[in-house]
Amino acid sequence: MRFPELKKKVFLAPLAGFSDIAMRMLCLKQGAGMTFTELTSADGIINKQHNLSKLLDVIPEQKDDRPLGIQIFGSDPKKIAEAGKIVEPLCDVIDLNIGCPSPKITQNECGAALLMKPEKLSKIVSALVNAVNIPVTAKIRTGAKGKVVYKQIGKTLQDAGVSMITLHARTLEQGYSGTADWNMIKELVNTVDIPVCGNGDITSPEKCKEIIDVTGCTYAMIGRAAMGNPLLFRECNEFLKKGTYAKVSDKEKVSVFFEYLELAKRYKIEFANIKGQAMKFSHGLDGASQLRRDIAKADDVASLKKIFTF
């Protein structure tokens, strides 16, 4: 099935601890073309399908949280297919994680470990594609264990029916360190016939435009740079369209954080998560160091509001 043609080309990456429903909704409001839930295991989805909304942090009837991709991981084709069927009614795209470098994921032959097992990966993807009636996408890395495999994996995924590939242009071993190699994104674009989404080191509107111009990728995905800064999507869209953009002011950033607090209250997001988001929103603001010290001491939302009122 073809990936939907989206007018807005910049996506929010799945971010553990930060891709909650309130943040996703804010990013969509500010111009993200699509957002993704944080990765969830196929086993977890199957075992907790009676409480999917809480597990995935998804509200089925909430249209302001769409278009939405649910990212899953696993190593058993049957379980991946079953999990896909369960989440299908809740999203627009199912994204298979083949890039997570966390040892607790890779030691179970999931995430980036599947880069080194193309035959098994093909079976997993084929099972998922055949089980659902919405697009299946995949997020990968360039390679692992000293081997660069993204082009071979790209062909494997395309042949198995994946409709878009996101390439985080780092190896498993790099984790989130070093520099993303955008040349590899360009090579993948020239290797496959499906859309490629470029990911890695997109920290500004200028970098967003550059990765699209340099690599020819159809979409760009922003991860860590979007933490605490949903307005980055507005800036990116303006720069892609006009070549200029209005920089976000501290006042605008704080206003968006207060909007996040209201949504977090509505969707019952845990306070520990809210504090984590507050820490990210403080970055770049005047007196950020003191703000973070105050945030660490805060014990309720009212305290956070006082801290950000200046």
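Draft legend 1. Structural context of the overall build of the protein. When helices and strands are tallied, the protein shows 14 helices and eleven strands. For a compact globule of 310 residues, the expected C-alpha radius of gyration is about 19 Å, and the protein comes in at 19 Å, within 12% of that figure. Within the protein, the fraction of its 310 residues that count as buried is 54%. Of the contacts made within the protein by residues no fewer than 6 positions apart, 68% connect residues no fewer than 24 positions apart. Taken as a whole, the protein presents about 14,000 Å² of accessible surface, with 49% of it coming from carbon and sulfur. In the protein, the 44 positive side-chain charges and the 35 negative ones have mean positions that sit 1 Å from each other.

Draft legend 2. Broad picture of the layout of surface pockets. Of the pockets and cavities examined, the largest pocket occupies roughly 640 Å³. Every residue lining the largest pocket is counted, 31 residues in all, and those nearest its centre are P14, L15, A16, K139 and Y176. Only α5 (103–106), β6 (136–141) and β11 (219–222) provide two or more residues apiece to the lining of the largest pocket. Here the element with the most residues in the lining of the largest pocket is β6; it accounts for three residues. Among the residues making up the lining of the largest pocket, the classes are represented as 15 nonpolar, nine polar and seven charged. In this structure, the second largest pocket is lined by 21 residues; those nearest its centre are K54, L55, L56, D57 and N273. In terms of residue class, the lining of the second largest pocket is made up of nine nonpolar, five polar and seven charged.

Draft legend 3. How the structure looks around the packing of aromatic side chains. Under the criterion given, the structure shown has ten aromatic pairs. Plain terms: the ring middles of F257 and Y260 are 6.4 Å apart, the flat faces sit at 15° to each other, and that makes the pair stacked. Separated by three residues within a single helix, F257 and Y260 lie in helix α11 (residues 250–266), roughly one turn from each other. Y260 carries the same exposure label as F257, and that label is buried. Taking the centre distance of 5.0 Å and the plane angle of 50° together, the rings of F257 and F281 count as tilted. In this pair, F257 sits in helix α11 while F281 sits in helix α12 (residues 271–282), placing the two residues 24 residues apart along the sequence. Across the pair, exposure class does not vary: F257 and F281 are buried alike. By the ring-pair criterion, three or more aromatic residues cluster together here, those being F257, F258, Y260, F281 and F308. A cation over a ring is seen here: K9 above Y219, with NZ or CZ 5.5 Å from the ring centre. Over the ring of Y176 we find R141, and its NZ or CZ is 5.1 Å from the ring centre.

Criteria and thresholds
- Residues numbered from 1 in each chain as written.
- Predicted model: local features only at pLDDT ≥ 70, side-chain atom pairs only at ≥ 80, totals over all residues.
- Heavy atoms only, no water.
- Helix = DSSP H or I, 4+ residues; strand = E, 2+ residues; numbered from the N terminus.
- Rg over C-alpha atoms; globule rule 2.2 N^0.38 Å.
- Buried < 20%, exposed > 50% of the residue type's maximum accessible area, 1.4 Å probe, protein only.
- Contact = heavy atoms within 4.5 Å.
- Areas by Shrake-Rupley, 256 points an atom, 1.4 Å probe, with all protein chains shown as cover.
- Lys, Arg positive; Asp, Glu negative; His and termini not counted.
- Charge placed at Lys NZ, Arg CZ, Asp CG, Glu CD.
- 1 Å grid on protein atoms, 1.4 Å probe; cavity = no way out; pocket = protein on both sides within 12 Å on 5 of 7 lines; lining within 4 Å.
- Points joined across faces, edges and corners; volume = space filled by probe spheres on them.
- Nonpolar A, V, L, I, M, F, W, Y, C, P; charged D, E, K, R; others polar.
- Phe/Tyr/Trp six-rings, centres within 6.5 Å; stacked < 30°, edge-to-face > 60°.
- Lys NZ or Arg CZ within 6 Å of the ring centre and 35° of its normal.

Read these as layout, nothing more, since geometry by itself doesn't imply function.
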